[in-house]
Amino acid sequence: QVQLVESGGGLVQAGNSLRLSCAASGLTSSRYSMGWFRQAPGKEREFVAAINWSGSDTTYADSVKGRFTISRDNAKKSVWLQMNSLKPEDAAVYYCAVDFALSLQRNMNAYDDWGQGTQVTVSS
């Protein structure tokens with residue numbers, strides 16, 4: 001059974017940084033893409049970033065491009081989201097998800113398993 005556990009969320013002032021982690025277990029290989037999504041109160045869950053199985057390809061939402069960086073370490077079965085220059089509008093619950101289709105997908109329906117999320121709060 002696949003389990004994804006996010007960590008690293010918290011309260012941060014606007015302009016500062018946070019690094020989110022997602023630890024995966026129950027995966028027998030590294031051939032899967034990973035994505036980060038977020039959901040703010042009263043809003044739909046939205047795509048943030050995704051990385052392919054080897055880490056050679058990434059894609060970002062326009063709203064975070066240039067500020068956020070997704071990375072992974074297959075040996076550690078972990079994915080990270082480095083978030084710099086945070087803005088109040090980045091506040092949300094952040095979720096990591098796994099896509100076994102090996103494609104870089106922005107559509108949340110393409111993802112097979114999800115973590116429980118970690119809260120990010122950005123004060124202005």
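Residues numbered from 1 in each chain as written. Predicted model: local features only at pLDDT ≥ 70, side-chain atom pairs only at ≥ 80, totals over all residues. Heavy atoms only, no water.

**Notes on the sheet that holds strand β3 (residues 18-25)**
- Here 4 strands make up an open sheet; going across it, the order is β1-β3-β8-β7 and the pairing antiparallel. Bordering the open sheet on either side are β1 (3-7) and β7 (68-73), each of which pairs with just one other strand. If you compare each strand with its neighbour and ignore which way they point, the axes differ by 15 degrees on average.
- Pairing geometry for β3 and strand β8 (residues 78-83), over 6 bridges, is antiparallel. In the sheet register, L20 faces β8, and the bridge partner there is L81. (Pairing = 2+ DSSP bridges. Helix = DSSP H or I, 4+ residues; strand = E, 2+ residues; numbered from the N terminus. Axes fitted to C-alpha atoms, helices over the stretch in contact; angles between N-to-C directions.)

**Section: empty space enclosed by the protein**
- Here the structure, examined in full by the defined rule, presents 1 cavity of 30 Å³ or more.
- Looking at the largest cavity, the residues that line it are A24, Y32, M34, R72, D73, N74, K77, S78 and V79.
- The set of elements that each furnish at least two residues to the lining of the largest cavity consists of β7 and β8.
- Taken together, the residues of the lining of the largest cavity break down into 4 nonpolar, 2 polar and 3 charged. (1 Å grid on protein atoms, 1.4 Å probe; cavity = no way out; pocket = protein on both sides within 12 Å on 5 of 7 lines; lining within 4 Å. Points joined across faces, edges and corners; volume = space filled by probe spheres on them. Nonpolar A, V, L, I, M, F, W, Y, C, P; charged D, E, K, R; others polar.)

**Details of the pattern of salt bridges**
- All told, the structure shown has 4 salt bridges when counted by the stated rule.
- E46 is the partner of R38 in a salt bridge, and the nearest nitrogen-oxygen pair spans 2.6 Å.
- By relative accessible area, R38 is classed as buried at 5%.
- When its relative accessible area of 35% is taken as the criterion, E46 is described as partly exposed.
- Residue R67 is joined to D90 by a salt bridge in which the shortest nitrogen-to-oxygen separation is 2.7 Å. Within this pair, whereas R67 is found in the loop between β6 (58-60) and β7, its partner D90 is found in the loop between β8 and β9 (92-99), the two being separated by 23 residues in sequence. Exposure class is identical for R67 and D90. Each is buried.
- Where salt bridges share partners, they join R38, E46, R67 and D90 into one cluster. (Salt bridge = Lys/Arg side-chain N within 4 Å of Asp/Glu carboxyl O. Buried < 20%, exposed > 50% of the residue type's maximum accessible area, 1.4 Å probe, protein only.)

**Focus on the state of the cysteines**
- In total, this model carries 1 disulfide according to the counting rule given.
- A sulfur-sulfur separation of 2.0 Å characterises the disulfide bridge that pairs C22 with C96. Taking the torsion about the sulfur-sulfur bond, which here is approximately 55 degrees, the covalent link between C22 and C96 counts as right-handed. Taken together, the positions of C22 in strand β3 and C96 in strand β9 put the pair 74 residues apart, joining distant regions of the chain. Comparing C22 with C96, the two get one shared label, buried. (Disulfide = S-S within 2.5 Å.)

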